[in-house]
Amino acid sequence: MLQSWVILLVSLGYLGLLFAIAYYGDKRADARRSLINNPYIYTLSIAVYATSWTFYGSVGRAASSGLDFLPIYLGPTLTFVAWWFLLTKIIRITKANRITSIADFIASRYGKSTMLGGLVTVIAVVGITPYIALQLKAVSTSLTVLMQYPSVVMPSAMVDAPVIPDTALMVAMAMAVFAILFGTRHIDASEHHEGMVAAIAFESIVKLIAFLAVGLFVTFTLHDGFGDLFRKAAQDPELTKLFTVGADGSYGQWITLTVLSMAAIICLPRQFHVAAVENVDEGHLKKAAWLFPLYLLLINIFVLPIALGGLLYFSNGSVDADTFVLTLPMAEQREGLALLAFIGGLSAATGMVIVAAIALSTMVCNDLVMPVLLRLTWLRLTERGDLTGLLLAVRRGSIILILLMAYGYFHFIGESYTLVTIGLLSFAAVAQFAPAMIGGIFWKGATAAGAFVGLCAGFVVWVYTLLLPSFALSGWLPVSFIEEGPFGIALLKPYALFGLAGFDYLSHSLFWSMLANIGAYAGLSLVRRQSALERVQATRFVDVFRLTGASGESAFWRGSATVKDLRDLLARFVGKRRTDRALSAYAGARGLNFGKQREADSELVNFAERLLAGVIGSASARVMVGSVAKGEVVGMEEVLAILHETSEVIEYSHRVEQKSRELEIATTELRAANDRLKELDRLKDDFLSTISHELRTPLTSIRSFSEILFDRPELDDDQRAEFLGIIIRESERLTRLIDQILDLARMEAGHMDWRMADIDPRATIEEAVAASRGLFAENPTRLDIDLPDELPVVHVDRDRLMQVIVNLISNAVKFCDRPDGWVRLTAEVRPAFIQITVADNGPGVPEEAREVIFERFRQVRETLTQKPHGTGLGLAICRQIIDFFGGRIWVESDTSGGARFSFTIPTSVRMAMAEGAE
Amino acid sequence: MNRASITRERSVALLIAGLLLFNPPLLLVFAGDSSLFGAPLSFLYLFAAWAGVILLVAVIARRSAPPGEADPQSRQQAANDPGQSGG
């Protein structure tokens, strides 16, 4: 009942359904309610990676060399592991620069080079043609095989003429029409085909379901699960070989396949198109990063089981393993499943052909045909009106041409090859883009010359080591070309270039082509200097995450174009309606009115250039805008100079800022120092005036009393003795004062002569008390002494310590309350030091003065007129001495009155050590 | 250390791990003709390692920082694109 017309009807019905989905998707996009704006559709659209190669070819590959089919899917998984710093960057660059294809991407990176764009296009078209041929072969084979139902016969073994004459040509034409309908219905300024993406996503679901259905059927209906299937296969030693990796010892090929597929997932024009150009939101990548590998994993689980199942089933080898997915259900009379499998295969093939055709036609149009046409001045294209029709015609023509080329390759060469072998040819071709692409987004120094020569060299090696041999094997070139080398030169044998034998032909080709490609790319980039535009573009690509908004570009245009000129230019390429819409949106967003404004500013010129780049590619857009913008394009060198200057200014202002900060700090320090100096100056003045005052007082009294004694010899002896006593006391005071000033000066200058020794503090204290007994004799004051029996030895200058104690006691006596004043001297032993305290019951020291009194000539005076007690240097000297001993001196005072002067002296280190040793 | 550099380091580490797991010589450890639960060991190993890598990508992606987050302005670049208004 699976008649030919049923098959054709279902196929056409399925294609019709796809078109309906695409139409609906476009409608939704026009209504701004995007159907594809979610990560799941995005993931499924990337799954266009799984083509007929996956659907039919993997099984064929698995049937001949086991797990060797897997690296093709492990590679993309690894590339998607790097999504965060690789894929996101590519997408961001693509969006920011309105890149329309991989050719545009590479051309734009290397200074918007038209030559490079054209070269990439040529390589892509030549390289992808076998890949499209693969799809044609798969569809035509599967269709032919299915038509034979219920018998299972291979096309090559068919005795009678095929039912449909030249299925592949029909398929190619059908797909061309389909691609034209999908991809080139109109020229889209953003190069987005939402409807197509929706249809592709749908196809990805269909092919996954179909393949899983066949896999489940083979594993669980024909056999009793994985275990059963593997056990049965294990009985055949030929099949056991397929279980292991690199059974034929070609681990090199495994690695080669991994590397190729890692590159292919970003360098295949159609993968670049769905993943980067059609991307709606780069946030989708976050989910797609693991969903897409998961999709690949799912669609590969049953590859080996189906291959084993097929080999077990068709053990006589009459059936091509590439068709197992279809022939197994057919042989078991499962009509529905067979049809589902066919539709799945059709999905896989159409999806790839449509996207590849659209991506390639965009490249051919933007990077190959238009730049040439625009340069042919006699065509006067730049003066013609609406060019959208021309653009569409070029694209449609190139789609038909590409599919015809693919058909030609299939017809004349491809029939003798397996699907995977053909596909790998294409992978090796597009892998040539990887150095220029990856290098371009991470290495600023890469130059256009390097990329161009690298690509050329890699492509030539690819042609020589892979494409030409495939011609030779198909009989288009003499086989001696492979076996003996061209003209019998053995060194140039394409599968063993320069005598490099022992590799499989794919690894061999990859090695030589990459050596030539990367060698020239890196070598020339290191030798040649970049042009200014290259440098600008390199920065915009490599630093895409750091560069800010679109306005950064406006520096490139100094001059002016009229709004009308720009509008006309855009209308010619983009279409009038879309131009009006884009410009009014632009004006609306910036609050401009193009009705009044005649001159377009540089920002608008740039906007137009980028809008145009979305349609005809960046290189051509630049030429076109240049033709209407009358003002001078600022020379790149000039722009760079400006940039350089700007960065220098920024650098300079940074430095100035830092300097001024430093200055500020220094100023603050200086001000503080100045304040301190002023204070010191004031203190010095005070000191001098106080000293002169202090010195003059005793001098004055000495002089006056001496004069009295001199002038009045009649004075009686008692009076004379009294006056002489005063003179002696004042002289002593004067001496003491001078001694103290000298002491203080010496101490402060560090010239003091210290006689340090370990002494018993108790004896010194007692001596000091004895020395101050005289004070108590004069005044009715009580002295209490409270010393512990044992005081640790201290390392001090004995005389100076005595000086301190005497000074404190005399102070206390001076200030204590009369008539029943008392002074108490105590000593306490603390860990590591002793503390000696002299307390009195005087008025105490006010809080604010407790620190000041230790400075020179700072005394607590109740009134300004009150005569000072003593020299005002005593406590200052005490502090100097105690500081030198390593102790501390301070005064406490509580509300009940009375002052407590305390000081500490560390116990002798030697003493402490001696104690520790005991 | 900021979140962006953590994501970058994790991605790179997983990439290296994946390269090691999916290629010889680690692959050869499981290349023998022994089997587990009836299925060939290398088959099981490859799919298990694959699933493991996918799981880790998902975990890293979940906790990832937005790329180029050091510069918040760069996100506006896409928004300023003429395509959004002209498309």
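J.: Mind showing me how you'd approach the overall build of chain B here?
T.: Broken down by element type, chain B carries five helices and two strands. For chain B, the N- to C-terminal ordering of α and β elements is α-α-β-β-α-α-α. Looking at chain B as a whole, 32% of its 87 residues qualify as buried.

J.: Would you mind showing me how to read helix H12 (residues 251-267) of chain A here?
T.: The α-helix winds at 3.6 residues per turn, so residues separated by three or four positions along the chain end up facing the same way. In a regular helix each residue adds 1.5 Å, so 17 residues correspond to 24 Å; H12(A) covers 24 Å between its end C-alpha atoms and thus fits that length. When you tally the buried positions in H12(A), you get 14 out of 17 residues, the bulk of the element.

J.: Just to check I follow, could you spell out the sheet that holds strand E7 (residues 833-840) of chain A for this structure?
T.: Working definition: the strands of a sheet are paired by backbone hydrogen bonds and lie parallel or antiparallel to each other. Residues and elements named next belong to chain A. Strand order across the open sheet formed by five strands is E4-E6-E7-E9-E8, with mixed pairing between neighbours. Strands at the two margins of the open sheet, each flanked by one partner only, are strand E4 (781-786) and strand E8 (889-893). Between one strand axis and the next, the sheet turns by 15° as a mean value, whatever way the strands run. With seven bridges connecting them, E7 and strand E9 (residues 899-906) associate as antiparallel partners. By the bridge assignment for E9, Ala839 is matched with Arg900.

J.: Before we go on, may I ask you to explain the environment of A:Val81 in this structure?
T.: Here A:Val81 lies in helix H4 (residues 71-81). Residue A:Val81 is classed as buried on the basis of its C-beta count, with 29 C-beta atoms lying within 10 Å. Residues A:Val81 and A:Ala289 lie 208 residues apart in sequence; the distance between their C-alpha atoms is 6.8 Å. Non-local contacts of A:Val81, meaning those with residues more than four positions away in its chain, are made with B:Ser11, B:Leu14, B:Leu15, B:Gly18, B:Val53 and B:Val57.

J.: What is the right way to read the confidence of the model for chain B from this model?
T.: Should pLDDT be low for a region, the predicted coordinates there are not to be read in detail. Residues and elements named next belong to chain B. Within chain B, residue pLDDT values average 73, and 70% of them lie at 70 or more. No element of chain B has a lower mean pLDDT than helix H5 (residues 82-86), which averages 36, and none a higher one than helix H3 (residues 41-62), which averages 91. Model confidence for the complex: the whole-complex pTM is 0.66, and ipTM, which rates the interface, is 0.81.

J.: Even after reading the chapter, I still don't get unusual backbone geometry, so can you show me in this structure?
T.: A negative phi angle is the norm for most residues apart from glycine, just as the trans form is the norm for most peptide bonds. In this model, B:Pro24 is joined to B:Pro25 through a cis peptide bond whose omega is 5°. Looking at where B:Pro25 falls in the secondary structure, it is placed in the loop between helix H1 (3-22) and helix H2 (26-29). Of note, A:Arg98 is a non-glycine position whose phi angle comes to about 55°, a positive value. Position of A:Arg98 relative to the elements: it lies in the loop between helix H5 (87-97) and helix H6 (102-109). Judged by the 25 C-beta atoms lying within 10 Å of it, A:Arg98 falls in the buried class. Notably, A:Phe498 is not glycine yet its phi reads approximately 55°, a positive angle.

J.: Would you explain the nonpolar core in this entry?
T.: One broad trend across soluble globular proteins is that nonpolar side chains are buried collectively. Residue and element names in this part refer to chain A. The biggest cluster of nonpolar side chains holds 237 residues, and the ones touching the most others in it are Ile106, Val120, Ala179, Cys267, Ala307, Ala428 and Leu612. For this core, the leading source of residues is helix H17 (residues 335-375), giving 25 residues. Ignoring anything within four residues of it in the chain, the contact list for Ile106 reads Leu116, Val120, Phe433, Ala436, Met437, Gly440 and Ala451. Core analysis: the second largest hydrophobic core is formed by 36 residues, Ala768, Ala812, Ile881 and Ile882 among them.

J.: How should I be thinking about the environment of A:Ser151 in this particular structure?
T.: Residues and elements named next belong to chain A. Checked against the element boundaries, Ser151 lands in the loop between helix H7 (114-147) and helix H8 (167-183). We classify Ser151 as exposed; it has 8 C-beta atoms within 10 Å. Between the alpha carbons of Ser151 and Gln333 there is a distance of 9.6 Å; along the sequence they are 182 residues apart.

J.: What's the story with the packing of H6(A) against H7(A) in this structure? I'm lost.
T.: Helices that pack against each other are described as a pair by the angle of their axes relative to one another and the distance between those axes. Residues and elements named next belong to chain A. Running from N to C, H6 and H7 cross one another at 150°; their axes reach a closest spacing of 8 Å. In terms of orientation, H6 and H7 fall into the roughly antiparallel class. As for the relative orientation of H6 and H7, their crossing is right-handed in sense. On H7, the residues that touch Ile102, Ala103, Asp104, Ile106 and Ala107 of H6 are Thr114, Leu116, Gly117, Val120, Thr121 and Ala124.

J.: I'm lost on the pairing of E7(A) in this one. Help?
T.: Two faces make up the sheet, and in a regular strand the side chains alternate between them. In terms of strand pairing, strand E6 (residues 821-830) of chain A meets E7(A) through eight bridges, oriented antiparallel. Residue pairing for E7(A): A:Arg824 is matched across the bridge by A:Ala839.

J.: Would you mind going over helix H15 (residues 303-313) of chain A with me for this structure?
T.: The element H15(A) is extensively covered by neighbouring structure, given that nine of its eleven residues are classed as buried. Residues of H15(A) that are buried include every one of A:Val303, A:Leu304, A:Pro305, A:Ile306, A:Ala307, A:Leu308, A:Gly309, A:Gly310 and A:Leu311, and no others.

J.: Sorry if this is basic, but what is going on with the environment of A:Ile106 here?
T.: Residue and element names in this part refer to chain A. Looking at where Ile106 falls in the secondary structure, it is placed in helix H6. Judged by the 26 C-beta atoms lying within 10 Å of it, Ile106 falls in the buried class. It is 6.3 Å that separates the C-alpha atoms of Ile106 and Met437, two residues lying 331 residues apart in sequence.

J.: Mind showing me how you'd approach the confidence of the model for chain A here?
T.: Scored by pLDDT, chain A has a mean of 82; 87% of the residues are at 70 or more. Scored below 50 in pLDDT, residues 548-558 of chain A makes 30 contacts in the model with residues more than four places away or belonging to other chains.

The rules we used
- Residues numbered from 1 in each chain as written.
- Chains lettered and ligands numbered in written order.
- Predicted model: local features only at pLDDT ≥ 70, side-chain atom pairs only at ≥ 80, totals over all residues.
- Helix = DSSP H or I, 4+ residues; strand = E, 2+ residues; numbered from the N terminus.
- Buried ≥ 20, exposed ≤ 12 C-beta atoms within 10 Å, placed from the backbone.
- Expected span 1.5 Å × (residues − 1).
- Pairing = 2+ DSSP bridges.
- Axes fitted to C-alpha atoms, helices over the stretch in contact; angles between N-to-C directions.
- Contact = placed C-beta atoms within 7 Å.
- pLDDT = per-residue confidence, 0-100.
- Core = buried A, V, L, I, M, F, W, Y, C linked by C-beta atoms within 7 Å.
- Parallel < 35°, antiparallel > 145°, perpendicular 65-115°, else oblique.
- Left-handed = near helix turned anticlockwise from the far one by under 90°.

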